[in-house]
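Spelled out from the first residue to the last, the chains are:
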Amino acid sequence: MAFKGPFQPKTFYDSMKILVGRDLFPIISWLPAYRFREWILSDIVSGINTGLVAVLQGLAFALLVNVPPSYGLYAAFFPNLVYFIFGTSRHISVGPFPVLSLMVGGAVTRLVPDDSAGNGTSTNISAINEERVMVAASVTFLSGVFQLLLGILQFGFIVIYLSQSLISGFTTAAAIHVLVSQLKFMLQLPVPGFNKPFGIVYSVFSQITKTNIADLVTSLVVLLIVFVVKEVNDRYKAKLPTPIPIELLMTVLAALISYFVNFEEKFNVAVVGKLEEGFQAPVAPDVGVFQKCIGDSISIAIVGFAVAFSVAKVYSIKHDYPVDSNQELIAFGLGNIVGGSFKGFASSTALSRSGVQESTGGKTQIAGIISAVIVLIVILAIGFLLAPLQKSVLASLALGNLKGMLMQFKEVGILWRKDKYDCVIWVVTFLAAIFLGLDIGLATAVAFQLLTVVIRSQFPSCTVLANVGRSNIYRNRKDYTDIYEPEGVKIFRCSSPIFFANIEFFREKLITAVGFSPLRVLRKRNKALRKIKKMLKKGELQVTPTLKEFVRINIDIYVGFLDKLERCAFFDEEIKPSMFFLTIHDAVLHILLKKDIASSPKLKPAEEKGSSNDYIIIPSNGLRSRECTVRLPSPVAAPQP
């Protein structure tokens, strides 16, 4: 390994320090290459816009965690600082994510239920809030530890086990949970928190007559305006220089109206109230919470990483730069550890917030650090301006960010046409997360997805192919009308590797495609041979060679790439390397050439014993997509005396 530049490492230790520094601290690589004059203005504009959205989403998503809104600002601040140093994506905005917030809120509600508030005095409510904050911080800290360990152990590949259909079904179900959980804030009902899915629905409708009309009207108006403006942003994003910051506009407008009309006193609406100024001292997590929330923390760690990395991957492909999955795990793990220590809750990335950062011209992580500065200003100086803001407005803003997730229902029909297995995974994941809860639902969905992998391998799709348009393209003959099938040739395709668990299934499908059983043919042939032997004794017939299953009834096999087969001692006197071809088309051309040679009187070679003019071609994924050609036997005819 060569190092260039003014500093040349003199020892192996120096070299390792350089490598570890660049790998563990990506900022060492990208910050010195920052194009200040070209990028700084774009990053400042993007950071300001993203920071304003982060403030509002932090306040809104804190309601999902069932903690006071000000703690959402901590979740939007500390992980951003850590990601600036350790992260590899230039465009994602790190902070609260509604699905993770809801998952943390489930653990909080389970360990600190509402009914423990006793008589509901302000002292008891304050104590309950403090206890809930501690639970949320501890769960976040533990999930960060899991992410950090996975990153150190190079387990970034685990994201491949969460397919796009699984993530889509899970986030859609989570959006339903978020929608239901926000009803109590939109209607301002004294509904206790529920960890069981839809438990809140019964409680809401049992108290529907106590709805605060002012909060309900405010929620509906804000929700309608947010949906309309977001639709405008999506439809005219190519023409708009920057998306309309509807969350910011609605927050400012709603806070002003609430303050001057005095909604809290006149209509008894629930407001954010005084936000805590400044930061609290870091605290150690509650070990007792660790023992009760290991499952929650693992789910939060995996889901948070999977969502963030999938978004980071999209932007890295779009802007042509690499992202490191293991380093991302380390970055999010450290971010959650630090955030949990300062009483924040779990962070990932919100799709809408990252979209704002990228679409407003963000170039690097500098935009992220500027957005953190905006959050810092709110925490230290101007948080009091949000005191009259209604909680129902925050709930509506949280729901307004779920539009993309709820629209994922459209994917069911698309997946059914593309891959029925993926469609079933989506539906099972959605139903499991809805009725079993997000944590158990996720585990169930992953187990079911692994089961489908086993099923796909054990019962693969098998088809008969045909030549399309007289070209070198071969497709399922049921899907096309203009096809060509050479006389006496069958092309049989198996979509899965062939191994011990599916070999019998493969054999049965092959026999069905061929139209006969080789063993049955062999039995008939042996019967004919017994008759031939009797005739041989009488001198009425000459000797013919014997045959093994397909090989014994004159089947020739051709496959490409022989290294693996040679190592497995696949070849013998009857199965030879000369039978193998690279592609289906090569095999077909070889067969047709043999037919032409055999039919030409001048070129016709000495006839091989047991030869025939019928073939089957088997493309098998089990041999690294190698093509297998199988020659069919000639019909067994009664021997002539």
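Residues numbered from 1 in each chain as written. Predicted model: local features only at pLDDT ≥ 70, side-chain atom pairs only at ≥ 80, totals over all residues. Heavy atoms only, no water.

A look at the environment of Ile-40
Considering the arrangement of structural elements, one finds Ile-40 in helix H3 (residues 36-65). Linking Ile-40 and Lys-363, residues 323 residues apart in sequence, is a C-alpha distance of 8.4 Å. Discounting chain neighbours no more than four positions away, the residues touching Ile-40 are Tyr-34, Arg-35 and Ile-366. (Helix = DSSP H or I, 4+ residues; strand = E, 2+ residues; numbered from the N terminus. Contact = heavy atoms within 4.5 Å.)

Side note on the environment of Leu-216
Looking at the element boundaries, Leu-216 is found in helix H10 (residues 213-235). As a C-alpha pair, Leu-216 and Gln-188 span 28 residues in sequence and 7.9 Å in three-dimensional space.

Focus: the pairing of strand E3 (residues 462-468)
Of all the seven residues making up E3, six are buried; the element is thus mostly covered by neighbouring parts of the structure. In the sheet, E3 pairs with strand E6 (residues 489-494) via four bridges, with the strands oriented antiparallel. Following the sheet pairing, Leu-465 is matched in E6 by Ile-491. Pairing between E3 and strand E4 (residues 474-476): three bridges, direction antiparallel. (Buried < 20%, exposed > 50% of the residue type's maximum accessible area, 1.4 Å probe, protein only. Pairing = 2+ DSSP bridges.)

Points about the packing of aromatic side chains
Summed over all chains, the structure comprises 19 aromatic pairs. When the centroid spacing of 4.2 Å and the interplanar angle of 15° are considered together, the rings of Phe-78 and Phe-342 count as stacked. Separated by 264 residues along the polypeptide, Phe-78 in helix H4 (residues 70-86) and Phe-342 in the loop between helix H15 (325-341) and strand E2 (348-349) bring together distant segments of the chain. Here the basic side chain of Arg-90 rests over the ring of Tyr-321, its NZ or CZ set 4.4 Å away from the ring centre. In this structure, Lys-420 packs its charged tip against the face of Trp-416, placed 5.0 Å from the ring centre. (Phe/Tyr/Trp six-rings, centres within 6.5 Å; stacked < 30°, edge-to-face > 60°. Lys NZ or Arg CZ within 6 Å of the ring centre and 35° of its normal.)

Function cannot be inferred from these measures alone, as they are strictly geometric.
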